[in-house]
Amino acid sequence: MLQPVINATGVLLHTNMGRAPFGADAAASYSNLELDLGTGQRGSRQSAVGALFARMCGAEAAIVVNNCAAAVTLSLAGLAAGRGVAVSRSELVEIGGGFRVPEVLEQSGATLVEVGTTNRTRRADYDKAVASEHDVAVVLKVHQSNYKIIGFTEDVPVRDLGGVGVPVLADIGSGLLDAACPWLDGPPPLWLNDEPAARQTIADGADLIMFSGDKLLGGPQAGIIAGRADLVARCAKHPLARAFRPGGLVLSQLQQLALTYLDRRGNDISFWRMASMSIDELTDRANAVVATAGTAAVVDTMAVPGGGTLPGVEIPSVGVAIPGDHLDALRLGGPRPIIARVDDGTTLLDLRTVDPRDDDVVGSAIASVVS
Ligand SMILES: *Cc1c(COP(=O)(O)O)cnc(C)c1O
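Caption draft 1: Region of interest: the layout of surface pockets. Estimates place the volume of the second largest pocket at around 850 Å³. Surrounding the second largest pocket, 35 residues form its lining, His 143, Gln 144, Asp 155, Asp 194 and Pro 196 being those nearest its centre. Of all elements in the fold, only β6 (136–142), β7 (168–173) and α5 (198–203) reach the threshold of two or more residues within the lining of the second largest pocket. Broken down by element, the residue count for the lining of the second largest pocket peaks at three residues, all from β7.

Have a look at this one:
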């Protein structure tokens, strides 16, 4: 049975627990999903939400599909089937759960044209690929997401691919909308490092970008394709678009999320509220949990973004610690499973990923497992 659990692991985007903490209240009712209220005629389920995402990304157009894997597959099928796709050898990645760039590319009916080397790819390598006999239809840039190449490396950012002669597609994966994070009160968090953002990638000249809905965007599982209107239209009319289209529930939740971003209410987005909670606030909460539990210690911890994003990045956090391994008791006890972690013989519950409304439940659970 699908049921709510309390994530006390400190992994903000935990794949096993549905990645972004998106509270969907599943109100089922009629909607104008494919009805144009202006004309009374059949409309497109994509137009309202697509327009909002296009605006947020600074793009001409956008459509929504089921996930980023579908977004990449559809983009390549729509723009490069039967032709070549130029990809740097350093970006032929596996993202996890079977998303492997060479295989996705093959499924879309395109052929891979490898560019550069594993550690160094230059602009001249792309020019050579486009000029080759491989009939290159597009250049595909793929965010390395879950790994890093360090040392003697060189790579070509989207902004240096201008004039390459074919559309430049960028799978940015994580779905950070804007590097400036205007929806937050303060400056962008340091842990974002140089994560590629949708708005900046479009501004740098990408013709089409693809990203996930349930990573740094903080929404439900979805994939967004945004960019030049003619390219988005070609993807939208490919037969696979129908197979990959999202349901009304996802679209209405994404619409709500988009309006929250446009209103700059970052605190109303669970992921951003959790990710940006201050250490002071977390410490106050940890003290309250310890008071409820009647035992346990407040400890400094390190949370992580997770979800295959930002490898090596840690976010300072605060949790509570109890001696011994209590993982099973916390997970199997009531009223709700609590997923914690064990470090060096100590059970750690990181409060960054716990909704403050669940703090009492966490405190009582600790009291019952230690008694
Ligand atoms: C996560 C990721 C994907 C897959 O996204 P899903 O929404 O899980 O399908 C694809 N590409 C990149 C670069 C990613 O980071």
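Caption draft 2: Just the packing of aromatic side chains, in detail. Scanning the model with the defined rule gives four aromatic pairs in all. A ring pair is formed by Trp 183 and Trp 272, whose centres lie 5.5 Å apart and whose planes are at 65 degrees; its orientation type is edge-to-face. One end of the pair, Trp 183, is in the loop between β7 and α5; the other, Trp 272, is in helix α9 (residues 270–275), with 89 residues separating them in the sequence. Ring geometry for Phe 271 and Trp 272: centres 5.1 Å apart, planes at 80 degrees, overall edge-to-face. Trp 272 carries the same exposure label as Phe 271, and that label is buried. Among the aromatic residues, ring-to-ring pairing joins Trp 183, Trp 191, Tyr 261, Phe 271 and Trp 272 into one connected group. The cationic tip of Arg 120 hangs over the ring face of Phe 152; the distance from NZ or CZ to the ring centre is 3.7 Å.

Caption draft 3: The sheet that holds strand β3 (residues 61–65), seen in detail. What the seven strands build is an open sheet, ordered β3-β9-β8-β7-β6-β4-β5; its pairing is mixed. Strands at the two margins of the open sheet, each flanked by one partner only, are β3 and β5 (111–115). When the angles between neighbouring strand axes are averaged without regard to direction, this sheet yields 25 degrees. By the bridge criterion, four bridges tie β6 to β7 in an arrangement that is parallel. Directly across from Lys 141, in β7, lies its bridge partner Ala 170.

Caption draft 4: Representation of the packing of helix α1 (residues 47–57) against helix α8 (residues 248–262) within the structure. Contact geometry for α1 and α8: axes closest at 10 Å, N-to-C directions at 30 degrees. Here α1 is positioned roughly parallel relative to α8, judged by the angle of their axes. Classified by chirality, the crossing of α8 by α1 is left-handed. In this structure, α1 contributes Ala 48, Val 49, Leu 52, Phe 53, Arg 55 and Met 56 to the contact, and α8 contributes Leu 251, Leu 254, Gln 255, Ala 258, Leu 259, Tyr 261 and Leu 262. Across the contact of α1 with α8, the residue classes tally to eleven nonpolar, one polar and one charged.

Caption draft 5: How the structure looks around the site of the ligand. Taken together, the neighbourhood of the ligand is formed by Arg 19, Asn 67, Cys 68, Ala 69, Ile 95, Phe 99, His 143, Ser 145, Asp 171, Gly 173, Ser 212 and Lys 215. Arg 19 places a polar side-chain atom, nitrogen or oxygen, 2.9 Å from an oxygen atom of the ligand. Contact distances for the ligand include 2.9 Å between an oxygen atom and a backbone N or O atom of Cys 68. Looking at the shell around the ligand, the elements with two or more residues in it are α2 (68–80) and β7. Taken together, the residues that form the shell around the ligand break down as four nonpolar, five polar and three charged.

Caption draft 6: Molecular detail of the pairing of β6. Of all seven residues making up β6, seven are buried, and the element is well covered by its neighbours. Relative to β6, strand β4 (residues 84–88) runs parallel, the two being bridged by four bridges. Paired with Val 85 across the strands is Val 138, a residue of β6.

The rules behind these values
Throughout this description, residue numbers start from 1 for each chain and increase along the sequence as written. Owing to the predicted nature of the model, reporting of local features is limited to residues with pLDDT of at least 70; listing and counting of side-chain atom pairs is limited to 80 or more, with chain, interface and lining totals taken over all residues. Each side-chain value is worked out from all heavy atoms of the structure, with water and hydrogens disregarded. Whether a set of points on the 1 Å grid over the protein atoms alone is a cavity depends on a 1.4 Å probe fitting there but being unable to get out, while an open set qualifies as a pocket with protein on both sides within 12 Å along at least five of seven lines; lining residues are those with an atom within 4 Å of a point. Grid points are joined across faces, edges and corners, and a volume is the space filled by probe spheres set on the points. Under the scheme used here, helices are H or I runs from DSSP no shorter than 4 residues and strands are E runs no shorter than 2 residues, and both carry numbers assigned from the N terminus. A pair of Phe, Tyr and Trp rings is counted when the ring centres sit within 6.5 Å of each other, with Trp represented by its six-membered ring. The angle between the planes then sorts it: under 30 degrees is stacked, over 60 is edge-to-face, the rest tilted. Note on classification: 1.4 Å probe, protein chains only; a residue is buried when its accessible area is under 20% of the maximum for its type, exposed when over 50%, partly exposed between these limits. A ring is considered to have a charge above it if a Lys NZ or an Arg CZ atom is located within 6 Å of its centre and within 35 degrees of its normal. A pair of strands is considered paired only if DSSP assigns at least 2 bridges between the two. Only the stretch in contact is used when fitting a helix axis, every axis being a line fitted to C-alpha atoms; angles between N-to-C directions are given from 0 to 180 degrees. Working rule for angles: under 35 degrees goes down as roughly parallel, over 145 as roughly antiparallel, 65 to 115 as roughly perpendicular, anything else as oblique. Left-handed is the label given to a crossing in which the near helix is rotated counterclockwise from the far helix by less than a right angle, and right-handed is the label when the rotation is clockwise. The contact criterion used throughout is that any non-hydrogen atoms of two residues lie within 4.5 Å. Gly is put with the polar residues, along with every residue not named as nonpolar or charged; the nonpolar set is Ala, Val, Leu, Ile, Met, Phe, Trp, Tyr, Cys and Pro, and the charged set is Asp, Glu, Lys and Arg. Think of it this way: one heavy atom of a residue within 4 Å of a molecule or strand is enough to make that residue near it. Between N or O atoms, a polar contact is any pair within 3.5 Å; within protein, one atom must be a potential hydrogen donor and the other a potential acceptor, and residues adjacent in sequence are included only when both atoms are from side chains.

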